[in-house]
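Notes for the structure review
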Amino acid sequence: MNEFKPKRPMILISPSILAADFSALGEDVAKIEYAADYLHIDVMDGHFVPNLSLGPQVVGSLRKRSGLIFDVHLMITDPEKYADAFIDAGADILTFHLEAVDDPARVIEKIRSRGVKAGIAISPDTPAEAVFPFLSSVKMVLVMTVYPGFGGQKLIEGMTEKIAAVRYEAETRGLDLDIEVDGGIGAKNVGLLTSAGANVIVAGSSVFKAEDPAEAVEEIREASEASFSPEQL
């Protein structure tokens, strides 16, 4: 495992609107429309995490303004109950937290039955092995690099080992799995994560607080690509 070098995956950048100006969401999304691959939409219920964010109505409004893939991250207690509402609003990928449910397989099947890609997220204190039983049935695993519920936190660098463990398991089993990372990420530290096996990069403050958000996206993409060693190509 110490010698494991994951294959170079396709890098996808998913700016998080949690750091955008909520009074001008459409305008902020337009700034990164042609630079980003996904749009990361954090949904918080004030129960699973302390903060509240937005609901399906906002997702539906943004869907009319953007052609990006909507990467919806449910930080909520009952994701199965609200899955249909967010899918109807325009979610393309729907990710829920392993820690929030008793039967992850049932939630995954619910999402997939609607023709939407399912993702499963794990918080910093949850071991990588907890998601291994579900890797073959999801499109993406989201490894949180901060504690969920708050923007602007500092990256927990110890999460690289967890990323590498998930990537190793996926490659060993021949699975085409995206590994997403979320929290405290920018061009200066993204290489730590991509070299470990992450390929979907969520960036909030480092994009939407930048003077030129589209340029910030490209800087993160370039730093991600530069992180791979020749044997990973």
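Residues numbered from 1 in each chain as written. Predicted model: local features only at pLDDT ≥ 70, side-chain atom pairs only at ≥ 80, totals over all residues. Heavy atoms only, no water.

Comments concerning the overall build of the protein chain
The helix and strand inventory of the protein chain stands at 8 helices and 8 strands. Radius of gyration (C-alpha) of the protein chain: 16 Å, near the 17 Å computed for a compact globule of 233 residues. The C-alpha extent of the protein chain, read off along each of the three principal axes, is 45 × 45 × 30 Å. Once local pairs closer than 6 in sequence are excluded, the contacts in the protein chain between residues at least 24 apart make up 68%. When the accessible surface of the protein chain is totalled, it reaches about 10400 Å², and 49% of it is carbon and sulfur. (Helix = DSSP H or I, 4+ residues; strand = E, 2+ residues; numbered from the N terminus. Rg over C-alpha atoms; globule rule 2.2 N^0.38 Å. Contact = heavy atoms within 4.5 Å. Areas by Shrake-Rupley, 256 points an atom, 1.4 Å probe, with all protein chains shown as cover.)

Structural notes on the sheet that holds strand β4 (residues 93–97)
The sheet built from 8 strands is open, its strands ordered β1-β8-β7-β6-β5-β4-β3-β2 with parallel pairing. Here the strands that pair on one side only, and so sit at the sheet edges, are β1 (12–15) and β2 (38–44). Averaged over all pairs of adjacent strands, the angle between their axes in this sheet comes to 25°, without regard to strand direction. In the sheet, strand β7 (residues 178–182) pairs with strand β8 (residues 200–203) via 3 bridges, with the strands oriented parallel. Paired with Glu180 across the two strands is Val200, which belongs to β8. In the packing of helix α5 (residues 159–172) onto the sheet, contacts are made with β5 (117–122), β6 (140–144) and β7, and the angle to β7 comes to roughly 165°. Against the sheet, helix α8 (residues 213–226) makes contact with β1 and β8, and its axis sits at roughly 145° relative to β1, the strand it touches most. (Pairing = 2+ DSSP bridges. Axes fitted to C-alpha atoms, helices over the stretch in contact; angles between N-to-C directions.)

Here's the deal with the environment of Ala100
Tracing the backbone shows Ala100 in the loop between β4 and α4 (104–113). Placed 87 residues apart in sequence, Ala100 and Ile13 show a C-alpha to C-alpha distance of 26 Å. Those residues in contact with Ala100 that sit more than four places away from it in its chain are Phe48, Ile76 and Thr77.

Quick notes on the side chain of Asp182
If you trace the backbone, Asp182 turns up in strand β7. Side-chain polar atoms of Asp182 contact the side chain of His40, separated by 3.3 Å. Every residue in contact with Asp182, bar those within four places of it in the chain, is listed here: His40, Asp42, His73, Leu142, Val143, Met144, Thr145, Val146 and Val202. (Polar contact = N/O pair within 3.5 Å; in protein donor to acceptor, adjacent residues only side chain to side chain.)

Thoughts on the packing of helix α3 (residues 79–89) against α4
Closest axis-to-axis distance for the α3/α4 pair is 10 Å, and the angle between their directions is 15°. If you check the angle between α3 and α4, you find them roughly parallel. In this structure, α3 meets α4 at a crossing whose hand is right-handed. Contacts between α3 and α4 involve Pro79, Glu80, Ala83, Asp84 and Ile87 on the former and, on the latter, Arg106, Val107, Lys110 and Ile111. (Parallel < 35°, antiparallel > 145°, perpendicular 65-115°, else oblique. Left-handed = near helix turned anticlockwise from the far one by under 90°.)

Some remarks on the packing of aromatic side chains
Under the definition given, this model contains 0 aromatic pairs. We note Arg63 situated over the ring of Phe70; from NZ or CZ to the ring centre the distance is 3.6 Å. (Phe/Tyr/Trp six-rings, centres within 6.5 Å; stacked < 30°, edge-to-face > 60°. Lys NZ or Arg CZ within 6 Å of the ring centre and 35° of its normal.)

Concerning the pairing of β2
Burial runs high along β2: 7 of the 7 residues are buried. Residues Tyr38, His40, Asp42 and Met44 of β2 are buried on one face, and the alternating residues Leu39, Ile41 and Val43, pointing to the opposite face, are buried as well. With 7 bridges joining them, β2 and strand β3 (residues 69–75) adopt parallel strand pairing. The residue of β3 that forms the bridge with Val43 is Leu74. Crossover β2 to β3 through helix α2 (residues 56–63) is right-handed. (Buried < 20%, exposed > 50% of the residue type's maximum accessible area, 1.4 Å probe, protein only. Right-handed = clockwise from strand over helix to strand, strands pointing away.)

Section: a negative patch on the surface
Taken together, Glu211, Asp212, Glu215, Glu219 and Glu222 make up a surface patch of like negative charges. Tracing the chain through its elements places Glu211 in the loop between α7 (205–208) and α8. For Glu211, a relative accessible area of 85% puts it in the exposed group. (Patch = residues over 30% accessible without salt bridge, like charges linked within 9 Å, V, L, I, M, F, W, Y side chains within 5 Å. Salt bridge = Lys/Arg side-chain N within 4 Å of Asp/Glu carboxyl O. Lys, Arg positive; Asp, Glu negative; His and termini not counted. Charge placed at Lys NZ, Arg CZ, Asp CG, Glu CD.)

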